[in-house]
Amino acid sequence: MESLYPYFLVIHVICAIIFLGFIFTEVVLLSRIRKILGDEIADSVYRVVLSRGTKIMPLCVVLLVLSGGAMISRYIGVEKGFFDTTLQQFLVIKMLLALLIVLVVAISLISHATKRQNPLKGYGHLVIFALGFGVVFLAKMAFYW
């Protein structure tokens, strides 16, 4: 498993960039379209962007979870401990935040697939954006404290 770690890391980073880049685009950039260009154009742009996103994001999330799980097993486990070091504590908190992101994504995808109203509509991506920022922050800080 140790020899595969660099591959998992590359997959994880690429998927994280794609996933959080999409969320950043939606939360920060596309939200301004409605204010500047109006509802009709904004709805058209959102439809195009989100239709592509709902096709790409499930794969990104699955790869993020799988590669993250493979990588975290290097530092956390029954033999290595779970909360023994500051690194492990940061990584466990990071993992919990990432699982919250997966939960929000799952709720959104299930709502989309079943054509039901998303209970998180309007603020789901904002929640994911905040949690994603926390995950990235914890990932970086974990190796320096």
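Look up: the structure comes first, before these words.
The structure reproduced in this document is the subject of the present report. (Residues numbered from 1 in each chain as written. Predicted model: local features only at pLDDT ≥ 70, side-chain atom pairs only at ≥ 80, totals over all residues. Heavy atoms only, no water.)

### Digging into the nonpolar core
Next up, step 1: Formed by 26 residues in total, the largest nonpolar core has its most connected members in Phe19, Ile23, Leu91, Ile101, Val105 and Ile128.
Next up, step 2: Setting aside residues up to four positions removed in sequence, Phe19 forms contacts with Met57, Val61, Leu64, Ile101, Val105 and Ile128. (Core = buried A, V, L, I, M, F, W, Y, C linked by side-chain atoms within 4.5 Å. Buried < 20%, exposed > 50% of the residue type's maximum accessible area, 1.4 Å probe, protein only. Contact = heavy atoms within 4.5 Å.)

### Remarks on the pattern of salt bridges
One side chain can pair with another of opposite charge once the charged atoms of both are near each other.
Next up, step 1: One pass over the structure, following the stated rule, counts 3 salt bridges.
Next up, step 2: Between Arg34 and Asp39 there is a salt bridge; the shortest N-O distance is 3.1 Å.
Next up, step 3: Taking the relative accessible area as the measure of exposure, Arg34 reaches 31% and is therefore partly exposed.
Next up, step 4: With its nearest N and O atoms 3.0 Å apart, the salt bridge here joins Arg34 to Asp43.
Next up, step 5: Among the charged side chains, a salt-bridge network with shared partners connects Arg34, Asp39 and Asp43. (Salt bridge = Lys/Arg side-chain N within 4 Å of Asp/Glu carboxyl O.)

### A word on the side chain of Asn118
Next up, step 1: Counting through the fold element by element, Asn118 comes out in the loop between α3 (86-113) and α4 (124-142).
Next up, step 2: When its relative accessible area of 18% is taken as the criterion, Asn118 is described as buried.
Next up, step 3: Side-chain polar atoms of Asn118 contact the backbone nitrogen of Leu120, separated by 2.8 Å.
Next up, step 4: In this structure, Asn118 is in contact with Ile107, Ser108 and Ser111, ignoring residues within four places of it in sequence. (Helix = DSSP H or I, 4+ residues; strand = E, 2+ residues; numbered from the N terminus. Polar contact = N/O pair within 3.5 Å; in protein donor to acceptor, adjacent residues only side chain to side chain.)

### Quick look at the packing of helix α2 (residues 39-72) against α3
Next up, step 1: Running from N to C, α2 and α3 cross one another at 155°; their axes reach a closest spacing of 11 Å. Between α2 and α3, the crossing angle belongs to the class labelled roughly antiparallel. In this structure, α2 meets α3 at a crossing whose hand is left-handed. Only Leu91, Met95, Val102, Val105, Leu109 and His112 of α3 make contact with α2, whose side of the interface consists of Thr54, Pro58, Val61, Val65 and Ile72.
Next up, step 2: Its residues assigned to classes, the contact of α2 with α3 shows 9 nonpolar, 2 polar and no charged. (Axes fitted to C-alpha atoms, helices over the stretch in contact; angles between N-to-C directions. Parallel < 35°, antiparallel > 145°, perpendicular 65-115°, else oblique. Left-handed = near helix turned anticlockwise from the far one by under 90°. Nonpolar A, V, L, I, M, F, W, Y, C, P; charged D, E, K, R; others polar.)

### Details of the side chain of Gln88
Next up, step 1: For Gln88, the location among the structural elements is in helix α3.
Next up, step 2: Of the residues examined, Gln88 reaches a relative accessible area of 4% and is grouped as buried.
Next up, step 3: Beyond its immediate chain neighbours, meaning those up to four positions away, Gln88 contacts Tyr75, Ile76, Lys80, Gly81, Phe82 and Phe83.

### Let's talk about the packing of aromatic side chains
Each aromatic ring pair is specified by the distance between its two centres and by the angle formed by the two planes.
Next up, step 1: Tallied over the full model, the rule gives 2 aromatic pairs.
Next up, step 2: Here Tyr5 and Tyr75 contribute two aromatic rings whose centre-to-centre distance is 6.3 Å and whose plane-to-plane angle is 80°, an arrangement assigned as edge-to-face. Of the two residues, Tyr5 sits in helix α1 (residues 5-37) while Tyr75 sits in the loop between α2 and α3, which places them 70 residues apart along the sequence.
Next up, step 3: In this structure Tyr5 comes out as buried when scored by relative accessible area, which is 14%.
Next up, step 4: Residues Phe24 and Phe129 carry aromatic rings whose centres are separated by 6.1 Å and whose planes lie at 45° to one another, so their mutual orientation is tilted. Note that Phe24 is positioned in helix α1 and Phe129 in helix α4, a separation of 105 residues in sequence.
Next up, step 5: One Lys or Arg, Arg34, reaches over the ring of Tyr46 and ends 5.4 Å from the middle of that ring.
Next up, step 6: If you follow Arg74 out to its NZ or CZ, it ends over the ring of Tyr5, 4.1 Å from the centre. (Phe/Tyr/Trp six-rings, centres within 6.5 Å; stacked < 30°, edge-to-face > 60°. Lys NZ or Arg CZ within 6 Å of the ring centre and 35° of its normal.)

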